Amino acid sequence: MSATFTLTDPSTGRGFRDMPRATASEVDAVIARAVEVQRAWAGAAPLVRADALRRFARVVEDHVEELAQLEVLNSGHPIESARWEASHVAQVLNFYAGAPERLSGQQIPVAGGLDVTFHEPYGVVGIIVPWNFPMTIASWGFAPALAAGNAVVLKPAELTPLTAVRIGELAVEAGLPEGLFAVVTGSGSVVGQRFVEHPDVRKVVFTGSTEVGVEVAAGCARGLKPVTLELGGKSANIVFDDADLEKAAAAAPGAVFDNAGQDCCARSRILVQRSVYDRFLELLEPAVRDWRVGEPTLETTQMGPLISAAHRDTVAGFLDGADVAFRGTAPEGDGFWFAPAVVLAEPGDRIAQDEIFGPVVAVLPFDDEEDGIRLANDTVYGLAGSIWTENLGRAMRVSRAVKSGVLSVNSHSSVRYWTPFGGMKASGLGRELGPDAAEHFTETKNVFFATDAS
Ligand code: TXE
C-alpha cells in the first residue's frame with residue numbers, strides 16, 4: 001500500500017493533493033498521547049471544559065467560509081450546503097459546550113449511607129467517518145465525546161479528509177490541549193481497524209456502510225467496547241391521497257437528491273397511494289426537471305457531482321434494465337456528474353431494496369394505510385422516513401408503525417443537533433445528537449458511602 005493517497009476534485013475529476021496514510025504504529029503513538037492528555041481534561045473543572053468548547057465553536061465559526069470552500073473542493077458539495085455544514089459544526093460544539101456542568105449523576109435512597117452515581121468518561125473514543133458529510137458527522141461524535149471528558153481520535157474517509165484535518169488544527173488554535181482531539185488520515189483497514197483493536201480506545205463511533213459496520217461491531221465485541229453505528233438507509237417518503245400533493249411533490253426532489261443522494265436519510269423510495277399515483281408523478285416531473293445540478297461553487301446550485309468515478313459507475317449500474325420514468329439534467333464534462341433519475345419499481349426490485357447512495361429514486365404504488373405501512377417496512381433498513389397526510393390520526397398511527405429511528409410528517413427534516421438521531425434494524429445501533437448524547441460517552445459509576453457510626 002502506498003504511503004499517500006490522492007484527493008480528487010469531484011467536479012473536474014482532477015487530483016489536487018496527496019495525503020499521508022498513517023501506519024498502525026503511528027496510530028498507536030497518537031492513541032498513547034490521547035491517553036495521557038485525557039486524564040487532565042477529565043479532571044478539569046466542568047466550566048473549564050465548557051469554556052474550551054465554546055472557544056473551539058467560535059474559532060470554527062470564524063472559519064466557516066474556509067471550511068466550506070475546502071468541502072466544495074474535496075467533496076463537490078454546493079457552496080450553500082457546505083456553509084450550512086460548517087456552521088452546523090460550530091452549533092454542535094456550542095450545544096455540547098453546555099453539557100459538562102449538566103452531566104449530573106443521581107442520589108439513590110439506600111439504608112445506612114449515601115448512594116451516588118457519577119458519569120465517568122470512557123477515556124479515548126475512536127470516531128470513524130464516511131465521505132458523504134465529512135464535517136457534520138464527525139462533529140456529532142467529537143463534540144459530545146469531548147464535552148463528557150474523553151479524548152478523541154478521528155479517522156476521516158480517505159476520499160474526504162480535508163475539513164476534518166482543518167478542524168483538528170482549529171481545535172489547537174482554540175486552545176484545546178494538543179493531542180486531545182487528533183485527526184489521523186489513512187485507510188479503514190489500518191487506521192479504523194486499529195481504533196477497533198486498540199485496548200486503550202474504549203468506545204467506537206462508526207458511520208458508514210452496513211457491511212463494514214457489522215465488522216466494526218464484531219471487532220468491538222472482541223474488545224468488549226461499546227459501539228455506536230450509523231449505517232445505511234432506504235427511507236420511504238409515504239404520500240397518502242389526503243396529502244397536499246403539490247407540496248409533497250415539490251419537496252420530494254430535495255428529500256432524495258440533496259447531496260446527490262449520498263445521504264443516509266435520503267427518501268429514496270416514494271410510496272404513493274394508488275388513487276393519486278398518476279397525479280403525483282405529473283407534479284413530480286417538473287420539480288425534478290427544475291432541480292439545479294451544476295457547479296458546486298455557484299450559490300444557485302442545489303446538487304453537485306457524485307464523489308468519485310467508481311461511485312458514479314455503481315450508481316449508473318442501478319439504471320440497467322430499470323423503468324426510468326424521467327430524469328433531471330446534469331452538466332457535461334470531466335466531473336462525476338449524474339442526472340437525477342425517477343424509476344417506477346416493484347417491491348422486490350433491487351432498486352427498491354438496496355441503498356443506491358445516488359440521485360435515483362424508486363416510486364411504488366400502495367393501496368391503503370395498512371399496505372403503505374407494510375411497504376414502508378419492507379426493507380432491512382430503518383433510518384428515516386416521511387409521511388404526507390392531512391389526517392392527524394393517520395399521521396400518528398403511521399409514524400408509530402413505521403420502524404425507523406427518525407420520521408417527519410409533512411416535512412423531510414431529519415437532523416437537528418438538539419434532537420436524537422439514529423436508525424433501527426440494519427441502519428444502526430445507538431443514537432447520536434439530542435439532549436443525551438454527552439451521557440452516551442460516559443459509563444455510570446455507583447458509589448456507596450456508609451454513614452453508620454459503628
Ligand atoms: O463506506 P465504508 P464507503 C454506504 C453507501 C456507499 C457504501 C460504500 O451505500 O456507497 O456504503 O461507502 C472506514 N475498519 N454508505 O466505501 O467502507 C472507511 O475508511 C474500520 C452509507 O465509503 O463503510 C471510512 O472512513 N474502519 C453511509 C468509513 O469506514 C473501516 C455512509 C466508511 O467506509 C474499515 C457511507 C475497517 N475494516 C457509506 N473499512 C450512510 N448511510 O451514511 C473501512 N473503514
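Residues numbered from 1 in each chain as written. Predicted model: local features only at pLDDT ≥ 70, side-chain atom pairs only at ≥ 80, totals over all residues. Heavy atoms only, no water.

**Remarks on the sheet that holds strand 6 (residues 151-155)**
Stage number 1. One open sheet accounts for six strands, arranged 7-6-5-8-9-19; its pairing is mixed. Only two strands of the sheet have a single partner each, and these edge strands are strand 7 (181-183) and strand 19 (428-429).
Stage number 2. Strand direction decides the pairing type here: strand 9 (residues 227-230) and strand 19, joined by two bridges, are antiparallel. Residue Glu230 lies in a different strand from strand 19, and its bridge partner there is Gly428.
Stage number 3. Along the sheet face, helix 7 (residues 188-197) touches strand 5 (124-128), strand 6 and strand 8 (201-207) and points at about 155° away from the line of strand 6. (Pairing = 2+ DSSP bridges. Helix = DSSP H or I, 4+ residues; strand = E, 2+ residues; numbered from the N terminus. Contact = heavy atoms within 4.5 Å. Axes fitted to C-alpha atoms, helices over the stretch in contact; angles between N-to-C directions.)

**Topic: the state of the cysteines**
By definition, a disulfide links two cysteine residues through a covalent bond between their sulfur atoms.
Stage number 1. According to the stated counting rule, one finds zero disulfides in the structure shown.
Stage number 2. Cys264 provides the cysteine sulfur closest to Cys220, a residue in no disulfide bond, and the two sulfurs are 19 Å apart.
Stage number 3. Taking relative accessible area as the criterion, Cys220 reaches 0% and is therefore assigned buried.
Stage number 4. For Cys265, which is in no disulfide, the shortest distance to another cysteine sulfur is to Cys264 and amounts to 4.2 Å.
Stage number 5. Exposure remark for Cys265: the relative accessible area of 5% places this residue in the buried category. (Disulfide = S-S within 2.5 Å. Buried < 20%, exposed > 50% of the residue type's maximum accessible area, 1.4 Å probe, protein only.)

**Let's talk about helix 9 (residues 245-257)**
Stage number 1. With 13 residues, helix 9 should reach 18 Å at 1.5 Å per residue; the first-to-last C-alpha distance of 19 Å fits that figure.
Stage number 2. Taken as a whole, helix 9 has its buried residues at Leu245, Ala248, Ala249, Ala252, Pro253, Ala255, Val256 and Phe257.
Stage number 3. Structurally, helix 9 contributes buried residues whose contacts are with strand 10 (236-239), strand 11 (269-273), helix 10 (277-289), strand 13 (341-344), strand 14 (360-366) and strand 16 (384-388).
Stage number 4. One or two residues past the end of helix 9 sits Asn259, with phi positive at roughly 55°. (Expected span 1.5 Å × (residues − 1).)

**Some words on the site of the ligand**
Stage number 1. Around the ligand sit 24 residues in total, of which Val129, Trp131, Glu158, Ser209 and Cys264 are the nearest.
Stage number 2. One of the side-chain N or O atoms of Trp131 is found 2.8 Å from an oxygen atom in the ligand.
Stage number 3. Taken by itself the ligand offers 810 Å² of open surface, and the protein chains cover 81% of this.
Stage number 4. At the level of secondary structure, the elements contributing two or more residues to the shell around the ligand comprise helix 7, strand 8 and helix 8 (210-222).
Stage number 5. Among the elements that take part in the shell around the ligand, helix 7 stands out by supplying three residues, more than any other. (Near = heavy atom within 4 Å. Polar contact = N/O pair within 3.5 Å; in protein donor to acceptor, adjacent residues only side chain to side chain. Areas by Shrake-Rupley, 256 points an atom, 1.4 Å probe, with all protein chains shown as cover.)

**Some thoughts on the nonpolar core**
Buried together is how nonpolar side chains tend to be arranged in soluble globular proteins.
Stage number 1. Of all hydrophobic cores here, the largest spans 75 residues; its most connected members are Phe56, Leu93, Phe142, Leu146 and Phe181.
Stage number 2. A per-element tally of this core places helix 5 (residues 134-147) first, with nine residues.
Stage number 3. Each of domain 1 (3-231 + 427-448) and domain 2 (236-416) contributes no fewer than three residues to this core.
Stage number 4. In this structure, Leu146 is in contact with Trp41, Arg49, Leu53, Phe56, Val152, Leu176, Leu180 and Phe181, ignoring residues within four places of it in sequence.
Stage number 5. In terms of nonpolar packing, the next biggest core, distinct from the first, is built from 54 residues, Phe240, Ala248, Phe257 and Val363 among them. (Core = buried A, V, L, I, M, F, W, Y, C linked by side-chain atoms within 4.5 Å. Domains from an automatic or database assignment.)

**Observations regarding the side chain of His311**
Stage number 1. Here His311 lies in helix 11 (residues 309-317).
Stage number 2. When its relative accessible area of 12% is taken as the criterion, His311 is described as buried.
Stage number 3. Look past the residues within four positions of His311 in its chain and what remains in contact with it is Trp131, Gln262, Leu306, Ile356 and Phe357.

**Concerning the sheet that holds strand 4 (residues 113-121)**
Stage number 1. Here three strands make up an open sheet; going across it, the order is 3-4-20 and the pairing antiparallel. For this open sheet the edge positions go to strand 3 (107-108) and strand 20 (442-450), each flanked by a neighbour on one side alone.
Stage number 2. In the sheet, strand 3 pairs with strand 4 via two bridges, with the strands oriented antiparallel. Each residue of the ladder has a partner; that of Gln107, found in strand 4, is Val116.

**Quick notes on the packing of aromatic side chains**
Stage number 1. Enumeration over the complete set of coordinates arrives at 10 aromatic pairs.
Stage number 2. Between the aromatic rings of Phe95 and Tyr96, the centroid separation amounts to 4.9 Å while the plane-to-plane angle is 80°, which identifies the pairing as edge-to-face.
Stage number 3. Given the relative accessible area of 30%, Phe95 is considered partly exposed.
Stage number 4. Relative to Phe366, the ring of Phe240 lies with its centre 5.3 Å away and its plane at 75°, an arrangement referred to as edge-to-face. Residue Phe240 is located in the loop between strand 10 and helix 9, and its partner Phe366 is located in strand 14; the two are separated by 126 residues in the primary sequence. Exposure class is identical for Phe240 and Phe366. Each is buried.
Stage number 5. One aromatic cluster is present, formed by Phe95, Tyr96, Tyr417 and Trp418 through successive ring pairs.
Stage number 6. Seen from the ring of Phe441, Lys203 lies directly overhead, with NZ or CZ sitting 4.8 Å from the centre. (Phe/Tyr/Trp six-rings, centres within 6.5 Å; stacked < 30°, edge-to-face > 60°. Lys NZ or Arg CZ within 6 Å of the ring centre and 35° of its normal.)

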